[in-house]
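# Structural features, examined
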Amino acid sequence: MIDPAALAFDIDGVIADTMHLFLDILRDHYDVHTVRYDDITCYRLDHCLDLAGDVLEGAVARILDGEYRADLKPIPGAGSVLRRIGEATGRILMVTARPEPGPIELWMNQLLDGQHHRARIVATGSFEAKTDVLLENGVKWFVEDRLETCHLIKAAGIVPVVFRQPWNREPHDYLQVGSWQELERRIAFP
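We now turn to the structure provided with this report. (Residues numbered from 1 in each chain as written. Predicted model: local features only at pLDDT ≥ 70, side-chain atom pairs only at ≥ 80, totals over all residues. Heavy atoms only, no water.)

Let us now look at the overall build of the protein. Tallying secondary structure elements over the protein gives eight helices and six strands in all. The secondary structure elements of the protein, listed N-terminal to C-terminal, are β-α-α-α-α-β-α-β-α-β-α-β-β-α. Against the globule reference of 16 Å for 190 residues, the protein gives a C-alpha radius of gyration of 16 Å, in line with a compact fold. Taking all 190 residues of the protein together, 47% fall into the buried category. Carbon and sulfur atoms form 47% of the exposed surface of the protein, whose accessible area is close to 9100 Å². (Helix = DSSP H or I, 4+ residues; strand = E, 2+ residues; numbered from the N terminus. Rg over C-alpha atoms; globule rule 2.2 N^0.38 Å. Buried < 20%, exposed > 50% of the residue type's maximum accessible area, 1.4 Å probe, protein only. Areas by Shrake-Rupley, 256 points an atom, 1.4 Å probe, with all protein chains shown as cover.)

The structure is reproduced here in structure tokens:
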């Protein structure tokens, strides 16, 4: 069972359904209608999608800057489980490789309505920098969708929990969950 007081979360692909937003941006801003969610089979989009570099870079920049028309939606169940963790532990820690929290912070405050004052987002600017932040905050469990990051945190003694996505289906021996409901059942709430 996972101790909720020693648990932290990635944001994109775990809490925020960023890849569906990416697809919406491709359609709305670049008139690209051929990419499906299941086509995103690796985290490096340029390795699995046949799109021009400027389109990929532009769509990702729009996500980071909040410059899009579509709605960013949460992964189903994320808000209620995170609010429950906030109530139980007094803190919700999220560690992202984004260079700065930017618009995701406002979005997160809305998602955590009633518990947002207990939430903290640390933007590291790189996947590699997440490990130090997790260690500094006494995190023992980290929910992540990028396997390469899971390997890094595992080497530092942190237990990765892989949030299953089409881009992390390679073989691994980490604990894996496919939904927030499944994750919630693994948390030892007081």
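With respect to burial, strand β5 (residues 159-163) is a largely interior element, four of its five residues being buried. Relative to β5, strand β4 (residues 141-144) runs parallel, the two sharing four bridges. Looking at the pairing, Glu 144 lines up with Val 162 of β5. Chirality of the crossover, the property in question, places the unit of β4, helix α7 (residues 147-155) and β5 among those that are right-handed. The pairing of β5 with strand β6 (residues 175-177) spans three bridges and is classified as parallel. (Pairing = 2+ DSSP bridges. Right-handed = clockwise from strand over helix to strand, strands pointing away.)

Before going further, it helps to spend a moment on the side chain of Thr 18. Summarising the element assignment, Thr 18 is placed in helix α1 (residues 18-30). Polar contacts involving the side chain of Thr 18 include one to the side chain of Asp 12, which spans 2.6 Å. Those residues within four positions of Thr 18 in sequence are excluded, and the remaining contacts are Asp 12, Gly 13, Ile 63 and Leu 72. (Polar contact = N/O pair within 3.5 Å; in protein donor to acceptor, adjacent residues only side chain to side chain. Contact = heavy atoms within 4.5 Å.)

Before going further, it helps to examine the nonpolar core. One finds Phe 9, Ile 15, Phe 22 and Trp 180 to be the most contacted residues of the largest nonpolar core, which totals 49 residues. Here the element with the most residues in this core is α1; it accounts for six residues. Contacts of Phe 22, omitting those with residues within four sequence positions, involve Ile 40, Leu 45, Leu 49, Leu 56, Ala 59 and Ile 63. In this structure, Leu 93, Val 95, Phe 142 and Ile 153 belong to the second largest nonpolar core, which totals ten residues. (Core = buried A, V, L, I, M, F, W, Y, C linked by side-chain atoms within 4.5 Å.)

We now examine unusual backbone geometry. The backbone of Asp 31 shows a phi angle near 55 degrees, a positive value even though the residue is not glycine. Looking at the secondary structure, you find Asp 31 in the loop between α1 and α2 (45-48).

The first and last C-alpha atoms of helix α4 (residues 78-89) sit 16 Å apart over twelve residues, in line with the 16 Å expected at 1.5 Å per residue. Looking at α4, one finds that the buried residues are Ala 78, Gly 79, Val 81, Leu 82, Ile 85 and Gly 86. Residues of α4 that are buried sit in contact with β1 (7-9), β2 (92-96), α5 (102-111) and α8 (180-186). Phi turns positive, to about 80 degrees, at Gly 90, one or two residues after α4. (Expected span 1.5 Å × (residues − 1).)

Just geometry here; none of it tells us what the structure is for.
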